[in-house]
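Here are the chains, one letter per residue:
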Amino acid sequence: MIAVLIGGALVANPSGATRAVGSVHHGDRAYYVLPPGNYGGLPTTEQSLDQLPLYDALTPLRGHVTDADIAKDYLPDNFAPVGATHVEQTGRTGTTIVYDAYGIPHITGKTRADLAFGTGWVTARDRGLLLQLGRGPARAAVADVPGINAFGLVTSAQSFVPSAQTEQLLDDQVHRIIATYGDKGRQIIADAQAEADGVNAYYAANNINQPPMTVHDVIAVAAFIGSIFGSGGGAEASNAEFLSELQNHMGADAGRKAWEDVMLLDDAEAPTTITRRFDYGWRTGGPVTGSAAIDEGSVVSLDPTQPLPFAGAAAKVAGAARLVAAQAPTEPWTYPAAGPVPSKQASNFLIVNPARSATGNTLAVMGPQLGYYYPEIVEQEQLTGPGIEAQGVAVPGMSMYLLIGRTPDYAWSLTSADHDVRDVFAEELCNPDGSPATQHSDHYMFRGVCRPFTMFDAGLLNGTPVRYPMSVHGPVIGWATSHGRAIALTRQRSTFGLDGLNLAALKDMTENKATTPDKFFTAANEFGFTFNWGYASRHATAYFSSGLLPRRAPGLDRRLPTLGTGAYEWRGFLSRDEHPHDITGPGGILLNWNNRSAPGFMHGDDTPFGSVHRVEMFDQFASKVTLAGDVSVMNRAATEDTRSIVWPVVSEVLHGSAAPDSLDAKVVSLLDRWVHDDAPRLDADNNGLYDSAGPTIMDALWPAVANAVMSPVFGALTTDLNAIRGLNGLSGESYVDKDLRTLLGQAVKSPFHLRYCGDGSLAACRASLWAVVDQVAASLAATNGADPATWLSAASRTGFVPGLIPDTMRTTNRSTFQQVLELDGLEPEPR
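Described below are features of the structure shown in this document. Remember, predicted model here, so these are calculated numbers, not experimental data. (Residues numbered from 1 in each chain as written. Predicted model: local features only at pLDDT ≥ 70, side-chain atom pairs only at ≥ 80, totals over all residues. Heavy atoms only, no water.)

1. Remarks on the environment of glycine 434
- Looking at the element boundaries, glycine 434 is found in the loop between strand S15 (422-430) and strand S16 (443-446).
- Separated by 226 residues in sequence, glycine 434 and proline 660 have C-alpha atoms that sit 69 Å apart. (Helix = DSSP H or I, 4+ residues; strand = E, 2+ residues; numbered from the N terminus.)

Okay, structure coming up:
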């Protein structure tokens, strides 16, 4: 089938590069690093761990990184092997693979197929274990199996065997890629097939007994990455149930106000990457008529591995899904299906425009925070072939294109944006005979017709059938009641069935098609997954926030479920120019650490942005920035406690009166000094203890501070607030920051509707905060002695999931794969 589809592909590949392939621009400084190392097999080799010492060595330098440190603690990223090399024999005359001293492959192909074949060979050699663990679970992401975390399946080494229905979804995507992109789509499929051929050739040459890799596997990998890092939204049922809970316990008006305050989905003080406004707010226009209420305590989640007690026809479907009460997952690969969908984020970039740099060159420090794994979920590579000269990291299984990297003319990186590509729909249940509906009804109303749910057979999870009902919107994730009436909850994802289309953006970036900001915007807009894109070329810097973002019908509150009757369906998607995008950035610097993209633009309903965000720790830039200065800002922030941003306002409230005793005064004074020094969570001398008592005190004190601020209004519901937003994270810090600044009479944008700490009394608030300081200080002294300066706790260390290697490093909140670049601008600007 695939051969027939690609038979008409255009195989001529005019180069998109502006200079000879393989040329090096000698004015550049370019580096990268990927811990623990590029080889990811068992048993480990020297190249499995050789980048770990480099990565860890930068951590204790904090904000004092020099050019010499960069050269020592990163590897060159200059289109050439590093150190001693050896040639990998593949038996294919058009493919040359040169491994350097760090196990990084430099792949050259005489044709595109030769190059893609080489990427497949390398993937099987260096990430064969990951391929084996991930092929099945990636298909769970393709099918959007409710309640199953595909990433958790991989890291827990679970078995998922896809059904014929799931494989058909992938086959449909092959056809959709070609239908959407024509000859370009045929080339994507041809490249994917050549990569699969390379994997299979490695298996055959080394007598590895594995099912042959196919184009379906490539598309499944794209879906897998998108499901982890490139989706957002879909928590409307949780939001709505929490609203009902607050209104039931506080009263309709106060409950609504408290809910509006803590959602943090339209805060004018939220730090943004760009200052240009883009309107995509929580209200879609007009009175809210199409959003559903969810009764408190009524939500139950679907378990797709258990029988479903439907009455009627659905009861005859063996092994369908049943309802279970929403609760904490019992396995690392499960989650309450009707709750928020698990995601990961912490990537960042710091990109300096030539006008702001000390050398007049573009500077960039950037990379994805993927977590730390062995084998790592990306792999370093250099690609050289017709129209291609690129170096960076690719995702095993779709490594014919780079995910993040550079060409001779520009570099790019991604951070998770968590835009709103998922919506929960409230399906009105019905019975064909007209009898009253219950949660066991197997039909729903859509456009005036009582329709049956269809059943989807996804496959087998550890031998157990995975089956669940679907509506026109997507999989059923659970059931609830709305004003006492039974409803089903379904979740629609805009990129469902379109995962493979995202390969077009990576193809264009790898082929050097984004030589200007405008061309970059066009390429990035082909990515339906939701990411913030940072772009650095020799003459320009730019930003684009991607995602297949729905235009929603008027009458909706995007934070709440949408009525599934058919009256409030999506009405297309945002155009390229409606996405947040800009060039240069505020003050000549583009900063992103998964923060809000632009004023006026709401991200996912599960992604709050308040007045405090970790991106604010990217500060203290010089008026003219050097590359070492850019790296220093990143590295200092990587070990800075985010609560340092809000501590000054807490301290200001406390200093309005005397401390209860001298110990309390010492504790607050110590935290003041620690925050003044940028709140390091660091074990610089590697003795196993933090270098300051600051982390010990802050870790013990902060939960009590956040609770003291919010509990006067939330009372017993503070626990539920913590569960839905997290008082020990950025949301909690934002609540404390804005509420205390309001009490102090400071200027506040988007003020809260209610006053929280001390019930609005500054004196009562101050007393409550001193009380928690006193309690925590006494507890710590009883355990650690009378001198707070000696309260040093065990320093955090980070290992590599799932535990295949014992190695650890000092914890740092830094990009897993990181590029450090200075691109000189001596050449004419591309057109």
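2. Topic: the sheet that holds strand S4 (residues 95-99)
- Pairing in this open sheet of 10 strands is mixed, and the strands run S3-S4-S5-S11-S12-S13-S14-S22-S23-S25 from one edge to the other. Single-partner strands in this sheet number two, and they are strand S3 (86-88) and strand S25 (581-583). Neighbour to neighbour, the strand axes of the sheet diverge by 20° on average, direction disregarded.
- Sheet topology note: the strand S13 (residues 404-406)/strand S14 (residues 410-416) ladder contains two bridges and is antiparallel. Across the sheet, residue glycine 405 finds its bridge partner in S14, namely tryptophan 412. (Pairing = 2+ DSSP bridges. Axes fitted to C-alpha atoms, helices over the stretch in contact; angles between N-to-C directions.)

3. Details of the layout of surface pockets
- In this structure, the largest pocket occupies an estimated 1200 Å³ of space.
- The wall of the largest pocket is formed by 41 residues, among which Pro340, Ala723, Ile724, Arg725 and Gly726 lie closest to the centre.
- Elements with a minimum of two residues in the lining of the largest pocket: helix H11 (236-250), helix H19 (718-725) and helix H20 (730-743).
- At six residues, H11 tops the list of elements feeding residues into the lining of the largest pocket.
- A per-class count over the lining of the largest pocket returns 17 nonpolar, 15 polar and nine charged.
- Computed from the structure, the second largest pocket encloses a volume of approximately 580 Å³.
- Residue lining of the second largest pocket: 27 residues in total, with Glu640, Thr642, Arg681, Thr811 and Asn813 positioned closest to the centre.
- Mapped onto the lining of the second largest pocket, the elements with two or more residues apiece are helix H15 (627-638) and H20. (1 Å grid on protein atoms, 1.4 Å probe; cavity = no way out; pocket = protein on both sides within 12 Å on 5 of 7 lines; lining within 4 Å. Points joined across faces, edges and corners; volume = space filled by probe spheres on them. Nonpolar A, V, L, I, M, F, W, Y, C, P; charged D, E, K, R; others polar.)

4. As for the packing of aromatic side chains
- Across all of its chains, the model carries 24 aromatic pairs by this definition.
- An aromatic cluster is defined as three or more aromatic residues linked by ring pairs; in this entry it consists of Tyr410, Trp412, Phe520, Phe521, Phe527, Phe529, Phe531, Trp533, Tyr535 and Phe544.
- The ring of tyrosine 55 carries the charged tip of arginine 814 above its face, separated from the ring centre by 4.0 Å. (Phe/Tyr/Trp six-rings, centres within 6.5 Å; stacked < 30°, edge-to-face > 60°. Lys NZ or Arg CZ within 6 Å of the ring centre and 35° of its normal.)

5. Considering the state of the cysteines
- As enumerated under the stated definition, the model contains two disulfides in all.
- A disulfide bridge connects cysteine 430 with cysteine 450, and the sulfur atoms are separated by 2.1 Å. Here cysteine 430 and cysteine 450 share a disulfide; its torsion about the S-S bond, 105°, makes the bridge right-handed. With cysteine 430 in strand S15 and cysteine 450 in strand S17 (residues 449-452), this residue pair connects regions lying 20 residues apart in the sequence.
- On the basis of relative accessible area, cysteine 450 is assigned to the partly exposed category, the value being 24%.
- Between the sulfur of cysteine 757 and that of cysteine 765 lies a disulfide, 2.0 Å long from S to S. The sign of the 90° torsion about the S-S bond sets the cysteine 757-cysteine 765 disulfide as right-handed.
- Sequence-ordered numbering of the bonded cysteines in the protein chain gives a disulfide pattern of 1-2, 3-4. (Disulfide = S-S within 2.5 Å. Buried < 20%, exposed > 50% of the residue type's maximum accessible area, 1.4 Å probe, protein only.)

6. Brief notes about the environment of aspartate 261
- Assignment of secondary structure puts aspartate 261 in helix H12 (residues 252-263).
- The sequence separation of aspartate 261 and proline 332 amounts to 71 residues, and the corresponding C-alpha distance is 32 Å.
- In contact with aspartate 261, other than residues within four places in its own chain, are Tyr735, Phe752, His753, Leu754 and Tyr756. (Contact = heavy atoms within 4.5 Å.)

7. Brief notes about helix H16 (residues 647-654)
- Along H16, six of the eight residues are buried, which leaves the element largely enclosed by surrounding structure.
- All buried positions along H16 are accounted for by Trp647, Val649, Val650, Ser651, Val653 and Leu654.

8. A closer look at empty space enclosed by the protein
- In this structure the tally under the stated criterion is nine cavities of 30 Å³ or more.
- Empty space within the largest cavity amounts to approximately 150 Å³.
- Lining of the largest cavity is provided by Leu130, Leu131, Gly134, Arg135, Ala138, Val154, Val221, Phe224, Ile225, Ile377, Val395 and Pro396.
- Secondary-structure elements contributing two or more residues to the lining of the largest cavity are helix H6 (128-142) and helix H10 (215-229).
- Considering every element that reaches the lining of the largest cavity, the biggest residue donor is H6, with five residues.
- Its residues assigned to classes, the lining of the largest cavity shows 10 nonpolar, one polar and one charged.

9. Describing unusual backbone geometry
- In this model, proline 35 is joined to proline 36 through a cis peptide bond whose omega is 0°.
- With respect to the helices and strands, the residue proline 36 is situated in the loop between strand S1 (29-33) and helix H2 (46-49).
- One non-glycine residue, leucine 264, lies in the positive phi region at around 55°.
- By the element assignment, leucine 264 lies in the loop between H12 and strand S7 (300-303).
- Within the chain, asparagine 686 stands out as a residue other than glycine whose phi angle is a positive 60°.
- The exposure class of asparagine 686 is partly exposed, given its relative accessible area of 39%.

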